Structures are given as C-alpha cells and as structure tokens.
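For reference, the chains in residue letters:
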Amino acid sequence: MTIFRARKTVSKITYLSMCLLISGVTFSFSEETPPLSTDRPDQTESTSITMRGCYQVETGAVRAVNDDATTIFLPGTLFRTGLFRNMELRFGIDGWLMDRDSDENGFGDSRLSAKIRFKQESGLIPEMALIPSISFPTGEKGYSSERYDPELRMAFAHSIKDNLSLGYNVAVSWSSAASESGEIATLASFPWSVSLGQGISDRIGSFTELYGEIPINSPGGPANSFDCGFTFHVSDNCQLDLEGGVGISEAADDWFTGAGVSYRIP
C-alpha cells in the first residue's frame, strides 16, 4: 500500500512537472519577440538577455596592427541562448589567430559564461547585469593560456533618449601567459569600457566607445583604445556590423578594423 501511494505521488509530481514544462515552453514562444540586441561589435557587454527558446550566433573577424605586426582573429564567435527571463548561457571561441608576418597561426581558447540581469532601469539607477565567465585551454600550443582563467564583469545601461543609450562595464579578469623563462604566469587586470550608442534610423545604429585594461600585478601600463562603428539590421533576426579603432596608450594595438554578422534563431 505504501509503495502504491508513493508511485501515485510520483506520477502526480511527474504530471504536474510536465504541465509546468509545457506551459513554460508555450509561454517562452508566445512572448513578444524583442528587437535583436547583440554584444558586438563594441567591447561593452550589454545588459540585454537572449529570449527564452531562441539561439543567437554572433561572429566576425578583426585585423589588428601593432608595431608593424599584423594579427587576424577569425572567426571570433559567441553563442547565446536564453535560459530564463533574466538569464542566458553563453559560449565563446577565439577562433583562428593568424600572424601575417610570420605566417604562423593556431586555434585560440574558448570561454563559458552566463549573463544574469538582476536590476531594471529606474530613474538614475541603471539596468544591471552580472557576467561570470571562465576560459578553457582548448587552443593550440602557443595560442592557449594553458589554464582556466576566470573573469567577473558588471554591465550597466542607461536609456538617455529613445535613440540614445549609454552602456559601461567594469570587471576583474585573470589571464595566463608564458613568461620569458617559459613558465606560465597568471596575471590580474581591471577591464573597463564606456560606449555611447545612437540609432540613426530604424535599421542603422552607431556607437562610440572608450575601453581599456588596467594591469594589477603585471609590468607595463594600461592598454586603452578608442573605437567606433555601425550596425545594420538586414532583418528582424539578422545584423551586420563594422568597426574600427586606434590605441591611445603604448600598450594597446596601434589600430584595428573588424566586421561581423549576428543571427537569431528562430
């Protein structure tokens, strides 16, 4: 009798769970689809969350020049999917890193992260999101940190006008690299960014940005840069982008350009 009652209880729980799951899936697809919002091409991560039941792919290429050395990153890609109303799961890959001067190339590391939006904008208080992440040493030798490097980032967003917004990030990040002696050292830094976005038309947007990285326990000065760019919405679920920038401190790249495409499914 006890076993029979237990089975009936489990059956009821299973039935209720299935009803809730089906209701949740139905609700996720019945929500009004928001405009496509991406975390590229600027360096500032947005506070927006990918809609539940949707998958978003953001990919592109960057060409950077520093002291006559040219490096191409292709294709740096970020995969995003909404888990809950205010949380998404993210997986990024560095792609191929190609040194044009030495003809050397290799596959870079990957990164797993989540974005959790925990505060809506209210007056002078910005919208806020937390982005914890960790890198995985999946890259080839010479192009991998060979360690699991964490980062914790806070993203903020202000709506200034209907077509004007301000986003900014602060973070603490750890990055591993080989020293001159060949030993792997993990160094900490403070990445930061401020981006002003403006809508030019219903389909075209622009941004102007300052960003950088302040070393904590490593030699050398900060790597600060200025960049700007444009986005073009081909459709409600597809966006093209173009960017370019220059270094404003000695440790940054002299200049860089990039382009990419983002797509949301369904």
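Residues numbered from 1 in each chain as written. Predicted model: local features only at pLDDT ≥ 70, side-chain atom pairs only at ≥ 80, totals over all residues. Heavy atoms only, no water.

### Things to note about the overall build of the protein chain
Within the protein chain, the secondary structure is distributed over one helix and 14 strands. Residues classed as buried in the protein chain amount to 37% of the 266 residues present. Contacts spanning at least 24 positions in sequence make up 48% of the contacts within the protein chain whose residues lie at least 6 apart. For the protein chain, the accessible area works out to roughly 15400 Å², and carbon and sulfur atoms hold 62% of it. (Helix = DSSP H or I, 4+ residues; strand = E, 2+ residues; numbered from the N terminus. Buried < 20%, exposed > 50% of the residue type's maximum accessible area, 1.4 Å probe, protein only. Contact = heavy atoms within 4.5 Å. Areas by Shrake-Rupley, 256 points an atom, 1.4 Å probe, with all protein chains shown as cover.)

### Digging into a nonpolar patch on the surface
There is a patch of nonpolar side chains on the surface, built from F79, L83, F84, L89, F91, L112, I134 and Y148 and spanning about 700 Å² of accessible area. Mapped onto the fold, Y148 is located in the loop between β7 (127-136) and β8 (150-161). (Patch = residues over 30% accessible without salt bridge, like charges linked within 9 Å, V, L, I, M, F, W, Y side chains within 5 Å. Salt bridge = Lys/Arg side-chain N within 4 Å of Asp/Glu carboxyl O.)

### Focus: the packing of aromatic side chains
What the rule picks out here adds up to three aromatic pairs. Seen from their ring centres, W96 and F107 are 5.9 Å apart, and the 75° between their planes marks the pair as edge-to-face. Here W96 is found in strand β4 (residues 96-99), whereas its partner F107 is found in strand β5 (residues 104-107), with 11 residues between them in sequence. Residue W96 is classed as partly exposed on the basis of its relative accessible area of 35%. (Phe/Tyr/Trp six-rings, centres within 6.5 Å; stacked < 30°, edge-to-face > 60°.)

### What to know about unusual backbone geometry
The omega angle of the peptide bond from L74 to P75 is -15°, so this bond is cis rather than trans. The residue P75 is located in strand β2 (residues 69-84) in this model. The linkage connecting I265 with the following residue, P266, adopts the cis geometry, with an omega of -5°. Following the sequence through the fold, P266 ends up in the segment after β14 (255-265).

### Here's the deal with the side chain of T44
With respect to the secondary-structure elements, T44 resides in the loop between α1 (2-30) and β1 (55-66). One polar contact links T44 to S193, side chain to side chain, over a distance of 2.8 Å. Within polar-contact distance, the side chain of T44 engages the side chain of E209 at 2.6 Å. Not counting residues within four places of it along the chain, the set of residues in contact with T44 comprises G167, Y168, N169, S193, V194, S195 and E209. (Polar contact = N/O pair within 3.5 Å; in protein donor to acceptor, adjacent residues only side chain to side chain.)

### Examining a negative patch on the surface
A cluster of acidic residues, D67, D68, D101, D103, E104, E250, D253 and D254, forms a negative patch on the protein surface. Residue classification places E104 among the partly exposed residues on the basis of a relative accessible area of 49%. (Lys, Arg positive; Asp, Glu negative; His and termini not counted. Charge placed at Lys NZ, Arg CZ, Asp CG, Glu CD.)

### Considering the pairing of strand β3 (residues 87-93)
The side-chain alternation of β3 yields one buried face, formed by E88, R90 and G92, and one unburied face, formed by M87, L89, F91 and I93. Relative to β3, β2 runs antiparallel, the two sharing seven bridges. Paired with T81 across the two strands is L89, which belongs to β3. Two successive antiparallel strands, β2 and β3, enclose a turn made up of two residues. (Pairing = 2+ DSSP bridges.)

### Comments concerning the pattern of salt bridges
Under the defined criterion, the tally for this structure stands at 10 salt bridges. With a shortest N-O distance of 2.7 Å, R80 and E58 are connected by a salt bridge. With R80 in strand β2 and E58 in strand β1, the pair connects residues that are 22 residues apart, well separated along the chain. Summarising the burial analysis for this pair, R80 and E58 share the class buried. Across the pair R153 and E151 runs a salt bridge whose closest N-O atoms are separated by 3.2 Å.

### A short note on the pairing of β7
Examined bridge by bridge, strand β6 (residues 110-119) and β7 share seven bridges and lie antiparallel to one another. Bridging across to β7, R117 finds its partner in A129. Inspection of the sheet shows β7 paired to β8 by eight bridges, in the antiparallel sense. Its bridge partner lying in β8, S133 is registered against E151.

### Observations concerning the confidence of the model for the protein chain
A residue-level look at the protein chain finds 88% of positions with pLDDT of 70 or above and a mean pLDDT of 87. Scored below 50 in pLDDT, residues 1-30 shows five contacts in the model against residues more than four places distant or in partner chains. (pLDDT = per-residue confidence, 0-100.)

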